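Below are the chains, spelled out letter by letter.
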Amino acid sequence: MNNLNDPPRWNIQPQPGGGRAGGGDGNQWNYALLVPMLGLAAFRWIWTRESQREIQNIKAQCEKDVSAMRSEMEVRYRETLTERSRAAARLELELEKEKQRVTGYKQALVSQSQQLMDERKQLHQEREALEKEKQKLVKSGAAGAVLHQALEQEEGWHLRAMATLKEIEGQLVERQDAYCSYLQPREQRLEMEKNMLLKVVKQPIGGELDLEKDLKVIFKKDKHCADFRNMDKRKNGELMWLYLKYWQLQVTVQKHKSAEEAILGGKIQSHTKWP
């Protein structure tokens, strides 16, 4: 049987006699296997060392890039934060200015409204006084007939004046609707205002009631708009309605004053107020 612990020709052993005879030397075989193994180990060691060096270099470069990126991001963050802080400060300042401007507009509107209410009250009192005077003259017989005739002659001017105010009312409603609209351009509203001013300047009633000045006040200070869901144009505006009532009272008072002047001056015919 074969000896598995010492199989023939499995182990390279030196031959008897020193192995220097023509059969060859077993040590040569050992050296022949050892040299490639040493070369392979040396190559693996060099490759591992170079790989680790390359990994260290890449790791160091990545850390450097990350650090640079982090620094850049921090700088950008600080710049963005500073810019937003400045923008917020500017917005707060502008907001405060707008609040002060709105407060000023409100105070001016309240003052203007109070002034109009006072003037309206005064005109109402004058109208009542004229009505009382009219009743006295009517009761006096002939004088009442004269007053009635004088008022009839002024009625034509009164009707034309009221028709003009009705037309201005419609134009103001359209103008205020354009002001409150998010769709109509600002230039269109300014053109409407310009046309209204040109028209009242050409009409005699515009000079008698000083409509041009009052319209400019309305265009500048009447900023009232109804709720954005509102579909009724006549709910827009606030100051303009006070002025319209004020103008109507002025026309009525002017009618009675003209009749009174015609009676006191001995003239039944009305002086021309309308072309």
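Whatever comes next refers back to the structure up there.
What this report covers is the structure whose coordinates are included nearby. (Residues numbered from 1 in each chain as written. Predicted model: local features only at pLDDT ≥ 70, side-chain atom pairs only at ≥ 80, totals over all residues. Heavy atoms only, no water.)

Some remarks on the overall build of the protein
And step 1. A count of helices and strands for the protein gives six helices and zero strands.
And step 2. By residue count, 24% of the 275 residues in the protein fall in the buried class. (Helix = DSSP H or I, 4+ residues; strand = E, 2+ residues; numbered from the N terminus. Buried < 20%, exposed > 50% of the residue type's maximum accessible area, 1.4 Å probe, protein only.)

Structural notes on the layout of surface pockets
And step 1. The volume enclosed by the largest pocket comes to roughly 350 Å³.
And step 2. In terms of residue class, the lining of the largest pocket is built from seven nonpolar, three polar and four charged.
And step 3. Size it by volume and the second largest pocket reaches roughly 200 Å³.
And step 4. As for the second largest pocket, its lining consists of Gln112, Gln115, Leu116, Glu119, Leu209, Asp210, Lys213, Asp214, Val217, Tyr243, Tyr246 and Gln250.
And step 5. Counting residues per element, the lining of the second largest pocket draws most heavily on helix H1 (residues 26–139), at four residues.
And step 6. Within the lining of the second largest pocket, the residues separate by chemical class into five nonpolar, three polar and four charged. (1 Å grid on protein atoms, 1.4 Å probe; cavity = no way out; pocket = protein on both sides within 12 Å on 5 of 7 lines; lining within 4 Å. Points joined across faces, edges and corners; volume = space filled by probe spheres on them. Nonpolar A, V, L, I, M, F, W, Y, C, P; charged D, E, K, R; others polar.)

Description of empty space enclosed by the protein
And step 1. This structure, assessed with the given rule, holds one cavity of 30 Å³ or more.
And step 2. Put simply, the largest cavity is a space of about 40 Å³.
And step 3. Forming the boundary of the largest cavity are Thr164, Glu167, Ile168, Gln171, Met196, Lys199, Val200 and Gln203.
And step 4. Of all the secondary-structure elements, those providing two or more residues to the lining of the largest cavity are helix H2 (142–180) and helix H3 (186–202).
And step 5. It is H2 that contributes the most residues to the lining of the largest cavity, four residues altogether.
And step 6. Of the residues assigned to the lining of the largest cavity, the class counts are three nonpolar, three polar and two charged.

A short note on the pattern of salt bridges
And step 1. Evaluated as defined, the whole model comprises twelve salt bridges.
And step 2. The closest approach of N and O atoms between Glu72 and Arg76, which form a salt bridge, is 2.6 Å. With a gap of four residues between them, Glu72 and Arg76 both fall in helix H1, about one helical turn apart.
And step 3. The exposure class assigned to Arg76 is partly exposed, which follows from its relative accessible area of 47%.
And step 4. With a shortest N-O distance of 3.9 Å, Glu83 and Arg90 are connected by a salt bridge.
And step 5. A relative accessible area of 41% places Glu83 in the partly exposed class.
And step 6. Judged by relative accessible area, which is 44%, Arg90 ranks as partly exposed.
And step 7. Taken together, the shared-partner salt bridges in this structure form one network comprising Lys166, Glu169 and Arg234. (Salt bridge = Lys/Arg side-chain N within 4 Å of Asp/Glu carboxyl O.)

Comments concerning the nonpolar core
And step 1. Ranked by internal contacts, the top residues of the largest apolar core, which has 31 residues, are Ile168, Leu172, Leu215, Ile218, Tyr243 and Trp247.
And step 2. Of all the secondary-structure elements, those providing two or more residues to this core are H1, H2, H3, helix H4 (204–209), helix H5 (211–221) and helix H6 (239–264).
And step 3. In contact with Trp247, not counting residues within four places along its chain, are Leu165, Ile168, Leu172, Leu209, Leu211, Asp214, Leu215 and Ile218. (Core = buried A, V, L, I, M, F, W, Y, C linked by side-chain atoms within 4.5 Å. Contact = heavy atoms within 4.5 Å.)

What to know about a nonpolar patch on the surface
And step 1. Taken together, the side chains of Leu40, Phe43 and Trp47 make up a nonpolar region of the molecular surface, amounting to roughly 400 Å² of accessible area.
And step 2. Assignment of secondary structure puts Phe43 in helix H1.
And step 3. Note on Phe43: relative accessible area 55%, which makes it exposed. (Patch = residues over 30% accessible without salt bridge, like charges linked within 9 Å, V, L, I, M, F, W, Y side chains within 5 Å. Areas by Shrake-Rupley, 256 points an atom, 1.4 Å probe, with all protein chains shown as cover.)

Topic: H3
In an α-helix, one turn spans 3.6 residues; hence positions three or four apart end up facing the same way.
And step 1. Over its 17 residues, H3 extends 25 Å from the first C-alpha to the last, a length consistent with the 24 Å expected when each residue adds 1.5 Å.
And step 2. All of the buried residues in H3 are Arg189, Glu193, Met196, Leu197 and Val200. Each buried residue of H3 lies within a common arc of 95° when the element is viewed along its axis, so the set occupies one face. Set apart from the buried face of H3 by more than 90 degrees, the exposed residues are Glu187, Val201 and Lys202. (Expected span 1.5 Å × (residues − 1). Arc of directions from axis to C-beta.)

Considering the packing of H3 against H5
And step 1. Relative to each other, H3 and H5 sit at 165°, their axes nearing to 9 Å. Here H3 is positioned roughly antiparallel relative to H5, judged by the angle of their axes. For the pair H3 and H5, the sense of crossing is right-handed. Residue-level contacts link Glu193, Met196, Leu197, Val200 and Val201 of H3 to Leu211, Glu212, Leu215, Lys216 and Phe219 of H5.
And step 2. Across the contact of H3 with H5, the residue classes tally to seven nonpolar, no polar and three charged. (Axes fitted to C-alpha atoms, helices over the stretch in contact; angles between N-to-C directions. Parallel < 35°, antiparallel > 145°, perpendicular 65-115°, else oblique. Left-handed = near helix turned anticlockwise from the far one by under 90°.)

Some thoughts on the state of the cysteines
And step 1. If you walk through the whole model with that rule in mind, you get one disulfide.
And step 2. In this model, Cys180 is linked to Cys225 through a disulfide, with the two sulfur atoms separated by 2.0 Å. Its S-S torsion of about -90° marks the bond between Cys180 and Cys225 as left-handed, since a negative value means left-handed. Pair noted here: Cys180 is in helix H2 and Cys225 is in the loop between H5 and H6, with a separation of 45 residues, a long-range link. (Disulfide = S-S within 2.5 Å.)

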